[in-house]
Each structure stands twice: as C-alpha cells, then as structure tokens.
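What follows is each chain in one-letter form.
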Amino acid sequence: MKLAPSILSADFANLQRDVQVVEQAGADLLHVDIMDGHFVPNLTFGPGMVAALRPITSLPLDVHLMVADPQAWITPFATAGADTLLIHVEATAHIFHAVQLIKAAGVKAGVVVNPGTPLSQLEELLPILDQVLIMTVNPGFGGQPFLPAMAEKVARLVTVRKQLGLHFEIEVDGGVNDHTIATVAKAGADIAVAGSYVFNGAPAHQLETLRAFAK
Ligand SMILES: O=C(CO)[C@H](O)[C@H](O)COP(=O)(O)O
Ligand SMILES: [Fe+2]
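Residues numbered from 1 in each chain as written. Chains lettered and ligands numbered in written order. Predicted model: local features only at pLDDT ≥ 70, side-chain atom pairs only at ≥ 80, totals over all residues.

Per an unreviewed UniProt entry, the protein goes by the name Ribulose-phosphate 3-epimerase and belongs to Lacticaseibacillus baoqingensis. Within the UniProt record for the protein, the comment given under Function (unreviewed entry) is "Catalyzes the reversible epimerization of D-ribulose 5-phosphate to D-xylulose 5-phosphate." Regarding the protein, the relevant UniProt record gives this comment under Catalytic activity (unreviewed entry): "D-ribulose 5-phosphate = D-xylulose 5-phosphate". (UniProt positions renumbered as here; feature names shortened; annotations may be inferred.)

In structure tokens:
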C-alpha cells in the first residue's frame, strides 16, 4: 500500500524540513489539502503552495481540491506542478467535463466522494479516472476519527473495478492511523493518506508503523 502524508498536519513554519523527513522515510506521495472556506468550512493553501513544494521534493504531489467551482482551479494547480488533481463529485454539476479538463492539462485525474455520497455517482466516470478517493471522514479538518463504515465502500469499489476490468487506484483519506490502516488495507485500498498520525509523532517512525500494520 502506498502512503501519502498530508502536509495539513505538518509544521508550516518548518515545512521544507517536514517534507524532506517524510520523503526520506519512504513516503510514496505528498498529499496537499486545498480548502477554500466555501466547499468546506476551513481555509488552507493556494497554487502558490504547490509551486513552492515542487522544487523541494521529488515526491508526486497529490492535490486534493476541496473547493467550490473546481474547474476554475485546474489550470493554476496543474501549472504549479500538481501530479494528480482530485476533485469532489459534489462540487460541480459538470464533473465529467472537469475530469476532461484535468486530463487535458496533462495531469492524473481523480474524483473524491464524501462519506454520504454513493459510489453510483461515479459510474460514468470510472473508465476515464486514474484515481478514486473515498473520504473516510467528512472533509474539512485533520485529526477526525475514521468512519468504519467506509471500509465496506472501499471493498465494493474494488469489486466494481474488477468487474469492469479497470485499473484506477483507490485512495482513502481521513482518520488513518495504526488502529485503522489494517481495515482499509484489507478492504483493498491502494493509497492511504495520513496527516495527524504522521506529523503528531516522529514521522519516520509513524510511517514505519503504518507500513507494518498495512501488511
Ligand atoms: O482531506 C483531508 C481532510 O478533509 C485530510 O487529507 C485528512 O483529514 C488527513 O488528515 P488526518 O489523517 O489527520 O485525518
Ligand atoms: Fe485530503
């Protein structure tokens, strides 16, 4: 399973140090949570953050756009150096078009579903996606408890992917820690995001523990 530390819980005053620590500890991706104060009740970073991270790490930048009107932000974040752009199915009436815009921008395309959003909303999109992100908390804040019912949602998507012969990666985000990672690994998730668990301890040790429990 790939591990994607979320910089949401890093020390912003020492961000370069924290990014380099998780990179050296073998993180697979760097997850960047973009919140606009509208789609979710919290405010974080803009494209300038992605542009600042790009030269200091060779990790792929997994950019989670929790924004209203995601279409408006595709070009700025792709230009800034995002490797994957993940947009919420709930955020636009034109999700298919938004995915087409991401692919036209030359980056990987992912769609995110909130805990209350059924997988059926992804049906027409699955063949054109590189990634599907299943939220395992309600989006907006780090440090929330994992929603156990979401493991079954992951397992259902694994089955659908197999039935359709598709190869998109399945990612989970929220509340992943040493107690919950085995559940999502067993359900078949390919990528786990972890913010507070990684950065509220010694990141290298925390990543090693996550890797051990994911086996
Ligand atoms: O998208 C997010 C919140 O909306 C974050 O990526 C997520 O919550 C990670 O933080 P933690 O591991 O602390 O739950
Ligand atoms: Fe996220």
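## So, the overall build of the protein
If you tally the helices and strands in the protein, you get 8 helices and 8 strands. Its C-alpha atoms give the protein a radius of gyration of 16 Å, near enough to 17 Å, the size a compact globule of 215 residues would have. Principal-axis analysis of the C-alpha atoms gives the protein an extent of 40 × 35 × 30 Å. Residue burial in the protein is summarised as follows: out of 215 residues, 43% are buried. The long-range fraction of contacts in the protein, counting pairs at least 24 apart against all pairs at least 6 apart in sequence, stands at 64%. (Helix = DSSP H or I, 4+ residues; strand = E, 2+ residues; numbered from the N terminus. Rg over C-alpha atoms; globule rule 2.2 N^0.38 Å. Buried ≥ 20, exposed ≤ 12 C-beta atoms within 10 Å, placed from the backbone. Contact = placed C-beta atoms within 7 Å.)

## Some thoughts on the pairing of strand S2 (residues 30-35)
For S2, the buried fraction is high: 6 of the 6 residues fall into the buried class. Side chains Leu30, Val32 and Ile34 project from S2 onto one buried face, and the interleaved His31, Asp33 and Met35 project onto a second face that is buried too. Bridge count for S2 against strand S3 (residues 61-66) is 6 bridges, and the pairing is parallel. Among the inter-strand pairings, His31 is bridged to a residue of S3, identified as Asp62. (Pairing = 2+ DSSP bridges.)

## Describing the UniProt feature "active site" (unreviewed entry) in the protein
Under the present numbering, the feature "active site" (unreviewed entry) in UniProt falls on Asp33 and Asp173. With the annotated positions falling across 141 residues, the maximum pairwise C-alpha distance of 10.5 Å places them together in a single cluster. With respect to the element layout, Asp33 can be found in strand S2. Given 26 C-beta atoms within a 10 Å radius, Asp33 is considered buried. In this structure Asp33 touches Ser6, Leu8, Thr44, His64 and Met66, once residues within four positions along its chain are discounted. Along the chain, Asp173 turns up in strand S7 (residues 169-173). By C-beta crowding, Asp173 is classed as buried, having 26 other C-beta atoms within 10 Å. The residues contacting Asp173, other than those within four sequence positions of it, are His64, Leu133, Met135, Thr136 and Val193.

## Points about the nonpolar core
With 70 residues, the main nonpolar core has Val63, Leu85, Ile134 and Ala192 as its most contacted residues. Here the element with the most residues in this core is helix H3 (residues 71-80); it accounts for 5 residues. With residues near it in sequence (within four places) discarded, Val63 still touches Val32, Ile34, Val50, Phe77, Ala82, Thr84, Leu85 and Leu86. (Core = buried A, V, L, I, M, F, W, Y, C linked by C-beta atoms within 7 Å.)

## As for the site of ligand 1
Close contacts around ligand 1 come from 22 residues, with Ser6, Pro139, Gly142, Gly195 and Ser196 the closest. When residues of the shell around ligand 1 are traced back to their parent elements, those giving at least two are S2, strand S8 (191-194) and helix H7 (196-199). Taken together, the residues that form the shell around ligand 1 break down as 8 nonpolar, 12 polar and 2 charged. (Near = placed C-beta within 6 Å. Nonpolar A, V, L, I, M, F, W, Y, C, P; charged D, E, K, R; others polar.)

## Notes on the packing of helix H1 (residues 15-24) against helix H8 (residues 203-214)
Viewed as axis vectors pointing N to C, H1 and H8 meet at an angle of 35°, and their least axial separation amounts to 9 Å. Our pair here, H1 against H8, has a crossing hand that is right-handed. Facing H1, whose interface residues are Asp18, Val21 and Val22, H8 presents Pro203, Ala204 and Leu207. When the residues that make up the contact of H1 with H8 are grouped by side-chain class, the tally is 5 nonpolar, no polar and 1 charged. (Axes fitted to C-alpha atoms, helices over the stretch in contact; angles between N-to-C directions. Left-handed = near helix turned anticlockwise from the far one by under 90°.)

## Observations regarding H8
Spanning 12 residues, H8 covers 16 Å between terminal C-alpha atoms, matching the ideal 16 Å at 1.5 Å per step. Each element contacted by the buried residues of H8 is listed here: strand S1 (2-5), H1, helix H6 (181-187), S8 and H7. (Expected span 1.5 Å × (residues − 1).)

## A few points about helix H4 (residues 95-104)
Given 3.6 residues to a turn, an α-helix orients residues that are three or four positions apart in the same direction. Taken as a whole, H4 has its buried residues at Ile95, Ala98, Val99 and Ile102. For H4, the angular spread of the buried residues around the axis is 100°, confining them to a single face. Exposed and oriented more than 90 degrees from the buried face of H4 are Phe96, His97 and Ala104. For H4, the elements touching its buried residues are H3, strand S4 (84-88) and strand S5 (108-113). Downstream of H4 by one or two residues, Gly106 has phi in the positive range, about 85°. (Arc of directions from axis to C-beta.)

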